[in-house]
Amino acid sequence: MAVRGDEQAVGHPAVAAIYGAGTALITDEFALLLDLQDVYWAKQGRMSVNVSFGVLAALGGYLSAAPFWHEIARITHRRLTAR
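Undergrad: Can you walk me through the overall build of the protein chain in this structure?
TA: Along the protein chain, the regular secondary structure elements total three helices and zero strands. Taking all 83 residues of the protein chain together, 13% fall into the buried category. Of the roughly 6900 Å² of accessible surface on the protein chain, a fraction of 66% belongs to carbon and sulfur atoms.

Following this line, the structure appears as structure tokens:
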């Protein structure tokens, strides 16, 4: 809903806050999701925390850059087919 919802909900602060809170909770518990045991503060848990932040960074980078690349592809396609 926050990314592809209806026009009234997209960009609404309440939707962004709920989406961010859910993402933070999943990131916080990612060590449990990967290892299925409580190793969040142990040495083994550090890798799963690093992976979770890496996944979030990659997803955030994709979601923020996707409209740019789609527009570049659309403009390039239009210019190539116009000739």
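Still more ground to cover, so stick around.
Undergrad: What is the right way to read the pattern of salt bridges from this model?
TA: Once their charged atoms are close, side chains differing in charge can pair, the charge on each being opposite to the other. Inspection of every chain in the model, using the stated rule, returns one salt bridge. Between Arg-74 and Glu-71 there is a salt bridge; the shortest N-O distance is 2.4 Å. With Arg-74 and Glu-71 both in helix α3 (residues 43–82) and three residues apart, this pair spans about one turn of that helix.

Undergrad: Would you explain the packing of aromatic side chains in this entry?
TA: Any two aromatic rings considered together are summarised by their centre-to-centre distance and by the angle between their planes. The final tally for this structure, using the stated rule, is one aromatic pair. Look at Phe-68 and Trp-69: their rings are 4.9 Å apart centre to centre, the planes differ by 70 degrees, and that puts the pair in the edge-to-face class. Judged by relative accessible area, which is 46%, Phe-68 ranks as partly exposed. Taking the relative accessible area as the measure of exposure, Trp-69 reaches 56% and is therefore exposed.

Undergrad: Before we go on, may I ask you to explain a nonpolar patch on the surface in this structure?
TA: Together, Tyr-19, Leu-59, Tyr-62 and Leu-63 make up an exposed nonpolar region whose accessible area comes to about 410 Å². Among the elements that line the nonpolar patch, the one with the most residues is α3, at three residues. As for its position among the elements, Leu-63 is in helix α3.

Undergrad: What am I meant to see in the confidence of the model for the protein chain here?
TA: Detailed reading of the predicted coordinates is not advisable wherever pLDDT falls low. Per-residue confidence for the protein chain gives a mean pLDDT of 76, with 65% of residues at or over 70. Mean pLDDT values over the elements of the protein chain span from 64, in helix α2 (residues 30–35), up to 84, in α3.

Reading guide: rules and limits
Counting restarts for each chain, with residues numbered from 1 along the sequence as it is written. Given that this is a predicted model, residues contribute local features only at a pLDDT of at least 70 and side-chain atom pairs are listed and counted only at 80 or more, while totals for whole chains, interfaces and linings are drawn from all residues. Water and hydrogen atoms play no part in the side-chain values, which are based on all heavy atoms of the structure. Going along the chain from the N terminus, every DSSP run of H or I of four or more residues is numbered as a helix, and every run of E of two or more is numbered as a strand. Note on classification: 1.4 Å probe, protein chains only; a residue is buried when its accessible area is under 20% of the maximum for its type, exposed when over 50%, partly exposed between these limits. Values of accessible area rely on a 1.4 Å probe in the Shrake-Rupley scheme; residue burial ignores everything except the protein chains shown. Salt bridges are identified by distance alone: a Lys or Arg side-chain nitrogen within 4 Å of an Asp or Glu carboxyl oxygen. Stacked, edge-to-face and tilted are the three classes for Phe, Tyr and Trp ring pairs, Trp counted by its six-membered ring, which pair at centre distances within 6.5 Å; planes under 30 degrees apart are stacked, over 60 edge-to-face, the rest tilted. Residues with no salt bridge and a relative accessible area higher than 30% make up the patches, which join like charges within 9 Å and nonpolar side chains (Val, Leu, Ile, Met, Phe, Trp, Tyr) within 5 Å. You can read pLDDT as the predictor saying how much it trusts each residue, on a scale of 0 to 100.

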